Every structure is written in structure tokens, then in C-alpha cells.
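Fold and contact review
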Amino acid sequence: MTTWIEDEAEAFAPERRPLSQQAMAPRPTDYLDGLNPDQLAAVEALDGPVLVLAGAGTGKTRALTTRIAHLLNTGRARPNQILAVTFTNKAAREMKTRVGQTVGGVVEGIPWLGTFHSLSVKILRRHAEMAGLKSNFTILDTDDQLRLLKQLIVAEGIDEKRWPPRLLASLIDGWKNRALTPEKVPASEAAAFNNRGTELYAMYQQRLLTLNACDFGDLLVHVVGIFQAFPEVLEKYQDWFRYILVDEYQDTNVAQYLWLRLLAGGHKNICCVGDDDQSIYGWRGAEVGNILRFEKDFPGAKVIRLEQNYRSTPHILAAASGVISSNEKRLGKTLWTDLNAGEKVRLIGHWDGDEEARWIGEKIEALERGTRGSDPVSPDGIAILVRASFLMRAFEDRFLTIGLPYRVIGGPRFYERLEIRDAMAYFRVAVSPDDSLAFERIVNKPKRGLGDKAVQTINNVARQHGVGLLEAARMIVEEGGLATRARNALKSMVDGFDRWGALVRAGEIPHTDIAEQILDESGYTDMWKADKSPDAAGRLENLKELIKALDEFENLQGFLEHVSLVMDNEQDDGAPKVSIMTLHAAKGLEFPCVFLPGWEDGLFPSQRSMDESGLKGLEEERRLAYVGITRAERLCTISFVANRRVYNQWQSQMPSRFIDELPEEHVEVLTPPGLYGGGFGAAAVSSRPTGPSLADAAAKADAYNSPGWKRMQARAGNRPVSQPKETRNTVIDAEALPAFEVGTRIFHQKFGYGTVTDIEGDKLLIDFEKAGPKHVVSRFVTAADDVPF
Ligand code: ATP
Ligand code: MG
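Residues numbered from 1 in each chain as written. Chains lettered and ligands numbered in written order. Predicted model: local features only at pLDDT ≥ 70, side-chain atom pairs only at ≥ 80, totals over all residues. Heavy atoms only, no water.

1. Here's the deal with helix α6 (residues 142-155)
Its 14 residues place the ends of α6 20 Å apart at the C-alpha level, agreeing with the 20 Å of an ideal helix rising 1.5 Å per residue. Buried within α6 are the following residues: Asp 144, Gln 145, Leu 146, Leu 148, Leu 149, Leu 152 and Ile 153. Considering only its buried residues, α6 is in contact with α7 (165-177), α8 (192-195), α9 (197-210), α17 (418-431) and α18 (436-442). Immediately beyond the C-terminal end of α6, within one or two residues, lies Gly 157, with a positive phi of roughly 70°. (Helix = DSSP H or I, 4+ residues; strand = E, 2+ residues; numbered from the N terminus. Expected span 1.5 Å × (residues − 1). Buried < 20%, exposed > 50% of the residue type's maximum accessible area, 1.4 Å probe, protein only. Contact = heavy atoms within 4.5 Å.)

2. Description of the nonpolar core
Counting 51 residues, the largest nonpolar core has Tyr 426, Phe 427, Phe 439, Leu 450, Phe 497 and Phe 559 as its most contacted members. No other element matches α17, which puts nine residues into this core. Core analysis: the next-biggest nonpolar cluster, separate from the first, contains 47 residues, Leu 133, Ile 226, Phe 227 and Ala 301 among them. (Core = buried A, V, L, I, M, F, W, Y, C linked by side-chain atoms within 4.5 Å.)

3. Side note on the pairing of strand β19 (residues 763-768)
Only one face of β19 is buried, namely the one carrying Leu 764, Ile 766 and Phe 768, since none of Lys 763, Leu 765 and Asp 767 on the opposite face is buried. Bridge count for strand β18 (residues 752-760) against β19 is six bridges, and the pairing is antiparallel. Residue pairing in the sheet places Glu 760 in a bridge with Lys 763 of β19. The pairing of β19 with strand β20 (residues 772-777) spans six bridges and is classified as antiparallel. Bridge assignment links Lys 763 to a residue of β20, and that residue is Val 777. The loop that links β19 with its antiparallel partner β20 comprises three residues. (Pairing = 2+ DSSP bridges.)

4. So, the sheet that holds strand β21 (residues 781-783)
With antiparallel pairing, the five strands of this open sheet are ordered in space as β20-β19-β18-β17-β21. The open sheet is flanked by β20 and β21, the only strands paired with a single partner. For this sheet the average axis-to-axis angle between neighbouring strands, irrespective of direction, equals 45°. (Axes fitted to C-alpha atoms, helices over the stretch in contact; angles between N-to-C directions.)

5. Concerning α17
The terminal C-alpha atoms of α17, which comprises 14 residues, lie 20 Å apart, in line with the 20 Å expected from a rise of 1.5 Å per residue. Of all 14 residues in α17, 13 are buried, a share of seventy percent or more.

6. Section: the site of ligand 1
In the vicinity of ligand 1 lie 19 residues, with Lys 60, Thr 61, Gln 278, Glu 590 and Arg 631 positioned nearest. Measuring from an oxygen atom of ligand 1, one finds a side-chain N or O atom of Gln 278 at 2.8 Å. Bound to the protein, ligand 1 loses 85% of the 640 Å² it would expose on its own. Sort the elements by how many residues they give to the shell around ligand 1 and helix α3 (residues 60-73) lands first, with three residues. Here the residues of the shell around ligand 1 are counted per class, giving three nonpolar, ten polar and six charged. Domain assignment of the residues forming the shell around ligand 1 places at least three in each of domain 1 (4-125 + 221-308) and domain 3 (345-413 + 570-678). (Near = heavy atom within 4 Å. Polar contact = N/O pair within 3.5 Å; in protein donor to acceptor, adjacent residues only side chain to side chain. Areas by Shrake-Rupley, 256 points an atom, 1.4 Å probe, with all protein chains shown as cover. Nonpolar A, V, L, I, M, F, W, Y, C, P; charged D, E, K, R; others polar. Domains from an automatic or database assignment.)

7. Some words on the packing of helix α20 (residues 469-478) against helix α21 (residues 484-506)
Their axes nearest at 9 Å, the elements α20 and α21 cross at an angle of 130°. Between α20 and α21, the interaxial angle falls into the category oblique. The hand of the α20/α21 crossing is left-handed. Along its contact with α20, which presents Leu 470, Ala 473, Arg 474, Ile 476 and Val 477, the element α21 presents Arg 487, Leu 490, Lys 491, Val 494, Phe 497 and Asp 498. Grouping the constituent residues of the contact of α20 with α21 by class yields seven nonpolar, no polar and four charged. (Parallel < 35°, antiparallel > 145°, perpendicular 65-115°, else oblique. Left-handed = near helix turned anticlockwise from the far one by under 90°.)

8. So, the packing of aromatic side chains
The final tally for this structure, using the stated rule, is 20 aromatic pairs. An angle of 65° between the planes, with centres 5.3 Å apart, marks the rings of Trp 163 and Phe 193 as edge-to-face. Here Trp 163, found in the loop between α6 and α7, pairs with Phe 193, found in helix α8; they are 30 residues apart in sequence, far enough to count as distant. According to the relative accessible area criterion, Phe 193 is buried, its value standing at 4%. Relative to Phe 497, the ring of Phe 439 lies with its centre 6.4 Å away and its plane at 50°, an arrangement referred to as tilted. Remark: Phe 497 occurs in helix α21 and Phe 439 occurs in helix α18; sequence separation between them is 58 residues. Assigned by exposure class, Phe 439 and Phe 497 land together as buried. (Phe/Tyr/Trp six-rings, centres within 6.5 Å; stacked < 30°, edge-to-face > 60°.)

9. What about the sheet that holds strand β7 (residues 270-274)?
Within the open sheet, the six strands sit side by side as β3-β2-β6-β7-β1-β8. Their pairing is parallel. In this open sheet, the two edge strands, each paired with only one partner strand, are β3 (113-114) and β8 (302-306). Examined bridge by bridge, strand β1 (residues 50-54) and β7 share four bridges and lie parallel to one another. Within β7, the position partnered with Val 52 by the bridge is Val 273. Strand contacts of helix α13 (residues 289-297): β1, β7 and β8, with the helix running at about 145° to β1, the strand carrying the most contacts.

10. Observations concerning unusual backbone geometry
Each neighbour pair has its own omega, and for Lys 445 with Pro 446 the value is 0°, a cis peptide bond. The residue Pro 446 is located in the loop between α18 and α19 (452-465) in this model. Look at the link from Phe 604 to Pro 605: it is a cis peptide, with omega at 5°. Looking at where Pro 605 falls in the secondary structure, it is placed in the loop between β13 (591-596) and α26 (607-629).

11. Section: the pattern of salt bridges
Per the stated rule, a full pass over the model turns up 32 salt bridges. For Glu 621, the salt bridge goes to Arg 387, with nearest N and O atoms at 2.7 Å. Here Glu 621 is found in helix α26, whereas its partner Arg 387 is found in the loop between β10 (382-386) and α16 (392-402), with 234 residues between them in sequence. For the pair Glu 621 and Arg 387, a shared accessibility class is recorded, and that class is buried. When the shortest N-O distance is used, the salt bridge between Glu 620 and Arg 623 registers 3.5 Å. In this pair, Glu 620 and Arg 623 both sit in helix α26, three residues apart, roughly one turn of the helix. Exposure remark for Arg 623: the relative accessible area of 11% places this residue in the buried category. (Salt bridge = Lys/Arg side-chain N within 4 Å of Asp/Glu carboxyl O.)

Right, here's the structure in full:
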């Protein structure tokens, strides 16, 4: 077992301060200048528990950062004695930079500043044995987790169609979020997963230990378990971390809360900052009640409220406050700003998602140029925040078309690509030979004649002897199992991993060289070189990119850890870019200009969240709306569409109910551009029975007589289209409706020319000249003669 003394590593080593620095007079405290009195109180109350409870943009994160600077500056703690928890790795990086700037760049680093997960990995690596793991354990991603659960379900003879692995995964995650190990799951939940939930959970945990692996939730649960079972270890950490700081405290779950309470249990120097109105991770087990419990758990806690918002103009702030005021369970707080009024929040409705993307693209280009007498805005200052990640694609497509540089934060990433995952599986086995999931992934990639039967044999041997797959493969080779060709292939794999593993452990040649060697010698690179499919070249490029990415890390293990942890990773050439991300990923960030598209009922608020959690779900969605609006400093634009393609199906959309909760006096309703929109959005707003105020404003926009609106009505065919009562019946010109019949030649924006071959209601079967036969909705099709080019 690792003991504390032997394990004294860099992070805990006493800081070496150069003599020149030691001799310097105490550093000035000008970083405190400019803080308001409440912020100053939060920074200066260094000892004892402190809770900063305040609305968006009031400088909570700034106070926390300054507090770290102050701890260092006053000599209360060395950088490595401060434990600071941020919500994302990106936030951790930013905080490090900010502290560095504040104290004049003297801070080399704050080794224990990171997310709950990254901090937990660090702790768990030191004491892995106490959790039944080895210190080189692997961290499984969701994909691996699901594969493992599926194996279990199948092995137990359970019908995986009725009882899907995904369901079990979310049950187990839920338990882990509450720090419940299998034996602690309450009896009332024993019926889960056809009465087998807890049993399968226990088996899954056992499998993980055999694989020397853990999943994301385990990172925290294991650490909490170690702290609870080994008080002497906990005590060391309690003594070491003199000060604990937590940002976004409203989103901690039970496991994280226990983790914090245990660590702060000694000196109780803990400072948490949060905003109950921004609690948006209830679906992942976050408990906003943790905020309310703080004073109970830490009696005598100093509670500080910040009320001045420094981020947003009054219109933006008022719009956000208006929306959130519909939530019932709130602590309630006052927010004010002394910034100039600025522009009202802009609201616009569009015909469909493509038009919305096109319009936003144009507005961004205008912002970049600087219009209406305002200064040009850098793309870095512009963000598009969406409720669901599938909404990003329309913007990506549009921006690629018009050459607008953008970055997707937290979206499908490089590391999720097939070839990258394969390559990483090779690295994982080289670093951690027990990682059987990784081994199984690449055992026959490239094809080596090790098909399902061979894999089954390897699995059987592994089970019989209680060893990992690589070890089982070695046994088969030594005992002459399998057919000659398969055995030889297996031997060359085993030899390869022995060789690569030895290189990794020796650490004599650069890990990038080892990685390249692994991919070359295993035949993986050659596999793609020989591949004639159109995407093979791209995959080879990605593999090269992977080696480049590796170079930034000290070793392979560090890199693999990074990949499993870093959810907000991005490749960046440093050029200014528009950011596209989900509302969830935007927490804590700010941008001068924010676009909030897709405000449609069912999408936002999300139907799923309302179905699953009822009013609680709706309130969480509303908090998400509040988070979205409060990211904007100067310009906030909300939009929605009448038609949206959701999972390949066209759907008519109703505007989000949150739109009618916006206070009218802070909103400007815009008229959509002619050709495709022509005021549908305004009409859609007005069609809501509950929203007369915005409807009036929209009607004033006089969009219904525009040529675009008429054209749009015409396209809409016989489908009812919402519009204000007073204009209904005056616009739709039945004569103008396009009539399609079998044999009509048509044009479709995306698929080009084609001929109608069948009609079913408003659905047409069209044989497209280039794209082949497809079903399309009639309103997206024009008779070929109508196309003006
Ligand atoms: P959120 O709830 O969105 O996380 P927050 O409360 O953490 O917001 P910060 O991000 O710390 O707020 O601050 C919001 C903005 O206000 C930042 O740009 C910050 O630099 C600025 N700010 C904070 N305090 C002050 C101050 N006293 N004077 C001037 N600007 C400030
Ligand atoms: Mg913040």
C-alpha cells in the first residue's frame, strides 16, 4: 500500500521560492482595487466557511480568483496548499491565468486547481490500492461503459432489447452521483432494472476492478470511499489543503458535496460561490439544496450576497430577470447595473432552421464589419448558444459556406473519431496491459484472422484464469491454442505489446515516437493506407494530428488521462472565431454578443426534461434560459423557427413559452427578411393564446404584408399557418398555392431537380436526378418553372 511519505510528489513538495523573491518586500495589493465592498468582504474573509450567493455576472468568479491571489499574497498558503474546484477544465485554465496576472505572474501554477474529476483522478492515483485498483487504472468513457454493461446483460441472459444497457448505465450513474455503492442502494430502489439493478451494478463494479478500470462516476465515489474508510488519509489531505474554494457550487451533486464536506471537515476554510438560479445539472444529480444546506453543515458560515451586475446592460438583465421570475422555488435576489441601457433584447422568428442560420450568419458578418455606428465586434466576442447539440450543425454548415471561422465547444470532438479511438485503444493497452476493453477493440484491427471465435476463446481463457485478455492471449500462444494462423497473429500482438509496454515503462525514447511505432508496427497505419474508401486519407491525417496532440504531454498516460477528462477540448490556431456551444457548456462564460436560436416549445423547454421531471424539469429549463441570456454583455438575440427538422422529420414548431415571459419593454421584435421569412415569426408569437404583449409588438412590425410573407404562405400550401387574427384570411391566396401532381418536375433547395412519382397528403415521393428517390414535404418543393434561375 502506498504511504503518504513515499508518495510525496511534486504537488505536495514545499514550494521553492527563489531568494530574490524571498527578499522582496510584500507585494502590493492593488488587485483588491476596484472590488466593491461585498466582493472585498468575500475576498478578505479568509478563515472559516464563506458562502457567496449571488446572481449572474456579479463577480463571483472574480471574487474567487482574487481570493486565491490574496491567499498567496498574504502568505496564508502556498500554491499547492490551495484546493480550488471549477466546473470545466476550460474554467480551470482561465482561473490559473487570471491568478497569474493578478499576482504578477509569480505563481508557477496551482496544482490543485481543477474539476472535481481531474482532482479526484490525482488523489485516486496515489491511493488506488485502497479502492482495489492499481495506480495505472484506465478511465472508461461512455462507449466502453456501455459495451461492458452490454456484455454483462447478455451474459446474464437478459433481453437487452427490453432492458437496454443505456438504461442500466443511467441508473448506475444516478447512484454514483449520490455516492451510493451497490450495497448502499436503498431497498426502495431494489426493483430497478427488473429487480436486478443493484446485482448488476455490483457485478459491473467487480468487472471494472478486474479490468483495472473505473468510470467517470467512480472517480469521486472511490475517493469518498477512501476518505471514509481511511481517516488517516483524509486527515493528511485536510491538513494539507488549508483553503478550499468552489465555483458554481449550485451544481454539485451529492458525491461532490460529500467529497467537499470531508475535505473541509478539519479547518473548515471553505469558500463556495454559486447562484441557485443557475442550477442546470439537476438531470445529472446536482442538488441545489446543497446551497441551502451550507449554513447547516458549516455553522457560523459567513453568507455574502453580491448585487451589482458588471456584465450586462439593463435591458439584458431585465429580460433575464423577467424570465426567471416565473420560477417558484427561488431564494430570490436583487440585481442592478450602472451600465448604459444599450440595445433591447432582439427577438425574431424564422421560417426554418436554414433561414435562421443564414440570418445569424449575416448578422455576425455585419457585427464584424461594425454597423449602425458601433465598433466592429471580433468573432471571439460572439457566441451561439443552443439547447441541443444537433442544432449546431445548421450553423456549422452555413459558416463553412460563407467562410466564417467558428469553433464548436464541447461538441463531437476529434477524440471521438473512430481512428482516434482505435489508436488510443492501442496506447491504452501499451500503458495498462489489463485494459481488456481496449484490447478487444483492436484485436482484429487491422484484420488478423482473429474473428469472433478467436475472441470468444480468448475471453473464455481470461475468465477461467481470472486474467485480462492480453494475458489470456499470451497463455493461448504458449499453450499452442487456436489455429496456426490465428495463433501466429496473436503471438505477434502479444510480442508487440510486450515491446511497446517496455518502451513506455523505460521512458527513454519520446512517447510520440513510441506512439508512431505502435501504429506502424501493429499495421494500423497501413490498414488505412490500403483502404480505398474516400475518407481514408482524412483518417490518416487525423492520426498524424493525434501524434501532434501527444507532443503536448509528458507521457502517454498523461495524454490518455487528458482525453478522458477534457470535455471542452478544442484545437485552436488562435485566430478569432465565433463560438458555438450548448447552453450547458456556456455556464460561467460571457460574450459581448450572444445569439440564442431554437426557442421553440419541445426543444426549449425540452419536452424530455418536462416529461421526465414535470414542473421541476420546466424550472430547470427556465434557469437554462436565464443562464443563456445572462451570458450576453451588450447584444442578445433570441430566435425561433416555424419549421424544424428534428431527427430527419420536419416538424411545425410553436415558439417557446419562455418568449412570452420576456418583459415586453425590454424586447425589440425584428421583422425577418423577405424571401423566406416574411414575418412568420411575428405571426407565430402572436398566435400564442397567452402572449398578447409580444404579439402586439409583432403585429406592429407589419410583416404580414411583405412579399416574403406572401411567398411563404404560398409555399405553406394547405397547411394552417399561424398569423394574427386581423390579417388571417386576407393573405392566403388559394390560387397561388402550388399544385403538384405525379409527373411534375420540381426543384428542392437541397436535392436539386426531380420528378414527383407519388403523393400522399403533403408528402411527395420524388425521384431526384442526382439524389435518387426521397420523401419530401411539399412545402419545401417548388415547381421547376418557379425557380428564378
Ligand atoms: P456567473 O454567474 O455568470 O458565473 P459571476 O458572478 O461569476 O458570473 P464574473 O464572471 O466573475 O461573474 O464577473 C462578470 C464580469 O464582471 C466579468 O467580466 C468581471 O471581470 C466583471 N467584474 C466583476 N467584478 C467587477 C468589479 N468589481 N468591477 C468591474 N468589473 C467587475
Ligand atoms: Mg462565474
